Every structure is written in C-alpha cells, then in structure tokens.
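Each chain, letter by letter, is given below.
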Amino acid sequence: GFINMRSEFICWVLLQYPDQRTTLQFVSLFTSFLTTGFVVASSDKELDTSKHWRKQESLMFGYVPKDGASRQMMASVSFFTLYKFVKVFSLCLLIASSSFRYAAGLLTLEYFAILAWRESYGNWRMYQRGLDGVGSSLFAHFSLYLSLLAAPFPL
C-alpha cells in the first residue's frame, strides 16, 4: 500500500541526490522489493494449490508441482522481486533523467504497446456482460496500467 510506495520513492531520491545516500535507504528499498516478491509469490502459490481453484479454473491453476514446491517458490520470489526492482528502477531512472514530456510520451507508448499486445490475442475487453464495451474496456485497461505504474503488484 502507501508505505510500500513511499519506500520505493527512495529509489528516485537515490538517483536524484547521490550525496544523500545512506545504507539504510538501500536496505529499506531492498526489503520493500523482497517482501513484495514474497507476498505475491506466496499468495500465488496458495491460489494455485487450492482445490477449489484447480477445479474451477484448471487451465489457469495447477502449475505448482507437489514435489519441489519449495524450489518453485524460491524461483517465484526471485522473479517477482527482480521484476519489481526493474520496473520501479526504470521508472525512477526515466523520471530522474528526462523531462516530464519525454517521460509521459514513453509511458503513453508503453500503454498502447500493452493494449496492442492484449488485443492481439483478444484479451483486452472486460469479461462481464454490460462492461464489455469499448469505453469501459479501455477505462479498465487504463486503470490497470496506472496501478502497474504505481505498484507493480497491487495487493
């Protein structure tokens, strides 16, 4: 939530003001990334091993093996931690090193690239009847994109 986003703001401060760097800031930032990676990976594992979800959505859930689940958990924590690090660091680097107009242009380009990618395999519309129109689907995509920028793994 807010505390997690506040601690990730340290990334921008570390890039913008190198003379004010402290060890505590690096520890705080790393801890923020690691805890988010662990929370996302563990909740993903819990959902995937749920009998209800494996029965309800068998194509989406059921990839965590019964043997070697701890290795899969470590790989997931590593992946989600590194993904969040790269996303937040690149966003902070973009904002710290360029003008606002340039950053906004690149973020808009990324928004449309993700939209085109989702549209290429037919997954850009909402799945609820009445909300599957173009306007509501674009609004939902925009909202999800903003949440990915603010917190790559909103909980």
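Here the structure is a predicted model, which means the values were calculated and not measured.

Participant: Quick one: what's the story with the overall build of the protein, residue by residue and with numbers?
Facilitator: In terms of helices and strands, the protein carries six helices and zero strands. Helices (α) and strands (β) of the protein occur, in sequence order from the N terminus, as α-α-α-α-α-α. Among the 155 residues that make up the protein, the fraction classed as buried is 28%. A separation threshold of at least 6 residues defines the contact pool for the protein, and within that pool the share at least 24 residues apart is 56%. Per element, the accessible surface of the protein, about 10900 Å² overall, is 68% carbon and sulfur.

Participant: Provide a residue-level description of the layout of surface pockets, including the pertinent values.
Facilitator: In this structure, the largest pocket occupies an estimated 390 Å³ of space. Counting residues per element, the lining of the largest pocket draws most heavily on helix H6 (residues 134–150), which supplies five residues. Of the residues in the lining of the largest pocket, the class split is eight nonpolar, three polar and three charged.

Participant: So what about a nonpolar patch on the surface? Which residues, and what values?
Facilitator: A grouping of Phe-85, Val-86, Phe-89 and Leu-93 is seen on the molecular surface, where their side chains present a nonpolar patch of about 330 Å² in accessible area. Relative to the assigned elements, Val-86 resides in helix H4 (residues 69–97).

Participant: Just give me the short version of the packing of aromatic side chains, but keep the residues and values in it.
Facilitator: Across all of its chains, the model carries six aromatic pairs by this definition. When the ring of Phe-79 is compared with that of Phe-80, the centres are 5.2 Å apart and the planes differ by 65°; the resulting orientation is edge-to-face. Relative accessible area serves as the criterion here: at 14%, Phe-80 is assigned to the buried category. Centroid distance Phe-79 to Tyr-83: 6.3 Å. Interplanar angle 25°. Geometry classified as stacked. Here Phe-79 and its partner Tyr-83 are both found in helix H4, four residues apart, which amounts to about one turn of the helix. Looking at Tyr-83, the relative accessible area reads 32%, which means it is partly exposed. A network of ring pairs unites the aromatic residues Tyr-111, Phe-112, Phe-142 and Tyr-145 as a single cluster.

Participant: Can you break down the environment of Ala-75 residue by residue, with the values?
Facilitator: If you trace the backbone, Ala-75 turns up in helix H4. Take Ala-75: its relative accessible area is 46%, and that puts it in the partly exposed class. When the C-alpha positions of Ala-75 and Ala-41 are compared, they lie 8.9 Å apart, and in sequence the two are 34 residues distant.

Participant: Outline the confidence of the model for the protein, listing residues and values.
Facilitator: As a note on interpretation, predicted positions should not be read in detail where pLDDT is low. For the protein, per-residue confidence averages 77 on the pLDDT scale, and residues scoring 70 or more make up 85% of the total. Of all the helices and strands in the protein, helix H1 (residues 2–16) carries the lowest mean pLDDT, 58, while helix H2 (residues 23–49) carries the highest, 84. For residues 1–7, every residue scores under 50 in pLDDT, and the model assigns this stretch eight contacts once sequence neighbours within four places are set aside.

Rules used throughout
Residues numbered from 1 in each chain as written. Predicted model: local features only at pLDDT ≥ 70, side-chain atom pairs only at ≥ 80, totals over all residues. Heavy atoms only, no water. Helix = DSSP H or I, 4+ residues; strand = E, 2+ residues; numbered from the N terminus. Buried < 20%, exposed > 50% of the residue type's maximum accessible area, 1.4 Å probe, protein only. Contact = heavy atoms within 4.5 Å. Areas by Shrake-Rupley, 256 points an atom, 1.4 Å probe, with all protein chains shown as cover. 1 Å grid on protein atoms, 1.4 Å probe; cavity = no way out; pocket = protein on both sides within 12 Å on 5 of 7 lines; lining within 4 Å. Points joined across faces, edges and corners; volume = space filled by probe spheres on them. Nonpolar A, V, L, I, M, F, W, Y, C, P; charged D, E, K, R; others polar. Patch = residues over 30% accessible without salt bridge, like charges linked within 9 Å, V, L, I, M, F, W, Y side chains within 5 Å. Salt bridge = Lys/Arg side-chain N within 4 Å of Asp/Glu carboxyl O. Phe/Tyr/Trp six-rings, centres within 6.5 Å; stacked < 30°, edge-to-face > 60°. pLDDT = per-residue confidence, 0-100.

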